[in-house]
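Descriptive analysis of the structure
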Amino acid sequence: RLVFPTGITVFAHVMKEKPAEFEKLLLDLYNENKNLKERIKEYKAGFADLYYSLPDHGKNTFQEERTIATLLAFRYPEKYTLFKDSFYSKLSKGLGIKPYPTGEKIFHYYSLVDDFVKNSLSQHPELIAEKNNRLDDLCYKDQNNLLLVQDILYLTLDAKESPHEEEEKGEGVGIGRTEQGIDQQVGLKLLKERHVHPREIKPARMEHEQEESDQGI
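Residues numbered from 1 in each chain as written. Predicted model: local features only at pLDDT ≥ 70, side-chain atom pairs only at ≥ 80, totals over all residues. Heavy atoms only, no water.

1. Description of the overall build of the chain
Test applied: The numbering of helices and of strands both runs from the N terminus, where a helix is a DSSP run of H or I of at least 4 residues and a strand a run of E of at least 2. Residue contacts follow a heavy-atom distance rule, with two residues in contact if any of their heavy atoms lie within 4.5 Å. Method for areas: the Shrake-Rupley scheme with a 1.4 Å probe, in which residue coverage is limited to the protein chains shown.
Scanning the chain for helices and strands turns up eleven helices and zero strands. Shown N-terminal to C-terminal, the secondary structure of the chain runs as helices and strands in the order α-α-α-α-α-α-α-α-α-α-α. Excluding contacts between residues fewer than 6 apart, the proportion of contacts in the chain whose partners are at least 24 apart in sequence is 67%. Counting only carbon and sulfur atoms, one obtains 52% of the accessible surface of the chain, whose full area is about 12000 Å².

Shown next as structure tokens:
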């Protein structure tokens, strides 16, 4: 669910019909010598031109902030984190900040995550140590702790089921504790240190439905 399923279908279509052109768009998006905002703007415009040039294209390219953040995180996980509008909206509202408009949300979210890493997570080395202890040689080390922050945000802001519901399904990991070993209460404590008020946040299901509505699904 990092990318909407319809977005993956669009990717597959473009890769099949125009693989060289799509590769060039990605290489330009990954060019760290250029401003990120310009890169994203050019990528979205270029992808739209490419996709709509296909004879059997759909109505939507689905190259929204969530998809682009995933592309960036897969290429540069040490610099860019994953983005989901439900995470961002809840975090902003919990902080009492008006969410930025579409197209600007990803940059604001990156700044909020950076603040969280530098000014909150850095005060809890035991959490970082717990994460590191759970990673073996086959794991991505997440040295800048961006995935760890994403895990905390999921645990405290976007998990849709209670620990009891997860346990009944046999999944073992859910809103109570993450695969990186972070307890939900610890996650809530970290958010409160950043003055996030979870009670002001809408239920995850409502955010999920709104997010899909925004994408025309």
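Right, picking up where we left off after that structure.
2. Focus: the nonpolar core
Burial of nonpolar side chains together is a common tendency in soluble globular proteins. Threshold: Take the buried Ala, Val, Leu, Ile, Met, Phe, Trp, Tyr and Cys residues and link them wherever side-chain atoms come within 4.5 Å; each set so joined is a nonpolar core. Relative accessibility decides the category of a residue: with a 1.4 Å probe and only protein chains considered, values under 20% of the type maximum give buried, values over 50% give exposed, and everything between is partly exposed.
Formed by 42 residues in total, the largest nonpolar core has its most connected members in Val14, Phe22, Tyr43, Phe47, Leu72, Tyr109 and Tyr110. Of all the elements in the fold, those that place two or more residues in this core are helix H1 (5-17), helix H2 (19-29), helix H3 (36-52), helix H4 (65-75), helix H5 (85-94), helix H6 (105-119) and helix H8 (146-158). At eight residues, the largest contribution of residues to this core is made by H6. If near-sequence neighbours (up to four positions away) are discounted, Tyr43 is found in contact with Phe11, Phe22, Leu25, Leu26, Leu29, Gln63, Ile68 and Leu71.

3. Comments concerning H6
This is how the line gets drawn: The span one expects for a helix is its residue count, reduced by one, times 1.5 Å.
The end-to-end C-alpha distance of H6 is 21 Å, a good match for the 21 Å that 15 residues give at a rise of 1.5 Å each. Looking at H6, one finds that the buried residues are Lys105, Ile106, Phe107, His108, Tyr109, Tyr110, Leu112, Val113, Phe116 and Val117.

4. Here's the deal with unusual backbone geometry
Although it is not a glycine, Phe62 sits at a positive phi angle of roughly 60°. With respect to the helices and strands, Phe62 occurs in the loop between H3 and H4. Residue classification places Phe62 among the buried positions, given a relative accessible area of 11%. A positive phi angle, near 65°, is found at Asn145, a position not held by glycine. Along the chain, Asn145 turns up in the loop between helix H7 (125-133) and H8.

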